[in-house]
Amino acid sequence: MDLRRRIRDNIAARYGLAVGLTVFAALLRFGLDAVFPPGFPYVTFFPAIVVAVYLGGLGPGIVCATLSGIAAWYFFIPPFMGFSFDLSVLVALAFFAFVVAVDIFFIDGMRKALDQLERERERYRDLAESRDLLYRELHHRVSNNLQVAGALLRLQGQGITDADARHALSQAGERIEVIARIQRELHNRTGEPVPFRVFAEALLASAAAAAGARVRLTIDGGEQPLHPDQATPVTLVMLESFNNALEHGFGEAGEGEVRVVLDQSGLTHLLTIANNGATPPPGFDPAQSKSLGLRIVRAMAQQLGGKFEMTREDDWTVCRLSYAPRRD
């Protein structure tokens, strides 16, 4: 296709090709003259015409066909080396003109169809690139705007004297900034979705560092990207469960082990966050807890149409989120 384009865009190359192919076909016919029996004056000229039409277009094809007809008539139709004209010559020339006209018609039509197909491919490729660029730009702007909103809430909270209100605004700002970071981490620099495990490691390591905790973190599964509509709620559940382990499970010691597993193999995906920190207080019911973090977790599970559970198993506090993945 690149060769056709270079030839098509250069008029001298197009018509030079037509002349060159005619000369080559005539020389080849001379070289094979002893091999062919009488009555095959055009056999090497037909391929030359086909190539001229395909690479050069309609005009070069007609030029090649005209020169080929004249060369065959002069050199290879008896009496040779001259332009005789009788019924047999008329029939031979008419046959040549008919075959050439059919070849040019179909080859030129095919060439135009290929050119149209290539233009459509280029147009769709450009549209796809523009769409991806706009998507990445929109994604970037949304993340930035969320981060600014979170920073403004935290700044506003600093000017409030009421401790509870100040704490609430600070928490709201922090969580909005977390959502902004999730949006940034979900895709790489080329806009491709990142596997869950990749950005989960970065987010949790950052959360542990921000809390000053010494956490032995293990992440298994999550080799596939999350669906864009489910990525934020699933990640928020993971982060809230992780932060809950840092704040309540590990306490002032700030040291422990957290295991995160995302099983994406079945019809229902299962996210498990387990920590070996302190046991929840007696009678603790996560479904009735007024904690903001757990309220957020329950809301995210409801948004996913899934189920969130917190249990104690073999000295581990285990949080589980089960949900049906979206496939569209």
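Preceding this section is the structure that the text describes.
Residues numbered from 1 in each chain as written. Predicted model: local features only at pLDDT ≥ 70, side-chain atom pairs only at ≥ 80, totals over all residues. Heavy atoms only, no water.

## As for unusual backbone geometry
A negative phi holds for most residues other than glycine; trans holds for most peptide bonds. Although it is not a glycine, Asp 314 sits at a positive phi angle of roughly 50°. With respect to the element layout, Asp 314 can be found in the loop between β4 (307-313) and β5 (316-323). Positive phi, normally seen in glycine, also occurs at Asp 315, with a value near 65°. By the element assignment, Asp 315 lies in the loop between β4 and β5. The exposure class of Asp 315 is exposed, given its relative accessible area of 61%. (Helix = DSSP H or I, 4+ residues; strand = E, 2+ residues; numbered from the N terminus. Buried < 20%, exposed > 50% of the residue type's maximum accessible area, 1.4 Å probe, protein only.)

## Thoughts on the environment of Pro 225
Along the polypeptide, Pro 225 turns up in the loop between β1 (214-221) and α8 (228-249). Under the relative-accessibility criterion, Pro 225 is labelled partly exposed at 32%. Along the backbone, Pro 225 and Arg 197 are 28 residues apart, and their C-alpha atoms lie at a distance of 8.4 Å. Once residues lying within four places of it in the same chain are set aside, the contact partners of Pro 225 are Pro 193, Val 194, Pro 195, Phe 196 and Gln 264. (Contact = heavy atoms within 4.5 Å.)

## Side note on the packing of α8 against helix α9 (residues 292-304)
Where α8 contacts α9, the two axes come as close as 9 Å, and the packing angle between them is 150°. On the basis of their axis angle, the class for α8 and α9 is roughly antiparallel. Here α8 and α9 pass one another in a crossing that is left-handed. Across from Asp 229, Gln 230, Pro 233, Val 234, Leu 236, Val 237 and Glu 240 in α8, the residues of α9 making contact are Gly 293, Ile 296, Val 297, Met 300, Gln 303 and Leu 304. Per-class residue counts for the contact of α8 with α9 are eight nonpolar, three polar and two charged. (Axes fitted to C-alpha atoms, helices over the stretch in contact; angles between N-to-C directions. Parallel < 35°, antiparallel > 145°, perpendicular 65-115°, else oblique. Left-handed = near helix turned anticlockwise from the far one by under 90°. Nonpolar A, V, L, I, M, F, W, Y, C, P; charged D, E, K, R; others polar.)

## Quick notes on the sheet that holds strand β2 (residues 255-263)
Judged by pairing direction, the sheet is mixed, and its five strands sit side by side in the order β1-β2-β3-β5-β4 without closing on themselves. Edge strands, defined here as strands with exactly one partner in the open sheet, are β1 and β4. Sheet twist, expressed as the average angle between the axes of neighbouring strands with direction ignored, equals 15°. In this structure, β1 lies alongside β2, joined through eight bridges in parallel fashion. Each bridged residue has a counterpart across the sheet, and for Leu 217 the counterpart in β2 is Val 258. The strands touched by helix α7 (residues 196-211) within the sheet are β1, β2 and β3 (269-275), with β1 carrying the most contacts at an inclination of about 170°. Against the sheet, α8 touches β1, β2, β3, β4 and β5, its axis set at about 15° to β3. (Pairing = 2+ DSSP bridges.)

## Observations concerning the packing of aromatic side chains
Inspection of the entire model under this criterion finds seven aromatic pairs. The interplanar angle of 25° and the centroid separation of 5.7 Å between the aromatic rings of Phe 46 and Phe 96 together place this pair among those described as stacked. Of this pair, Phe 46 sits in helix α3 (residues 45-56) while Phe 96 sits in helix α5 (residues 87-158), and the two are 50 residues apart along the sequence. With respect to burial, Phe 46 and Phe 96 carry one shared label: buried. A centroid spacing of 5.2 Å and a plane angle of 80° characterise the contact between Phe 105 and Phe 106, whose relative ring orientation is edge-to-face. Across this residue pair, the class does not change: Phe 105 and Phe 106 are exposed. By way of ring pairs, the aromatic residues Phe 30, Tyr 74 and Phe 75 are connected into one cluster. Directly above the ring of Tyr 124 sits Arg 123, whose terminal nitrogen or CZ lies 4.8 Å from the centroid. (Phe/Tyr/Trp six-rings, centres within 6.5 Å; stacked < 30°, edge-to-face > 60°. Lys NZ or Arg CZ within 6 Å of the ring centre and 35° of its normal.)

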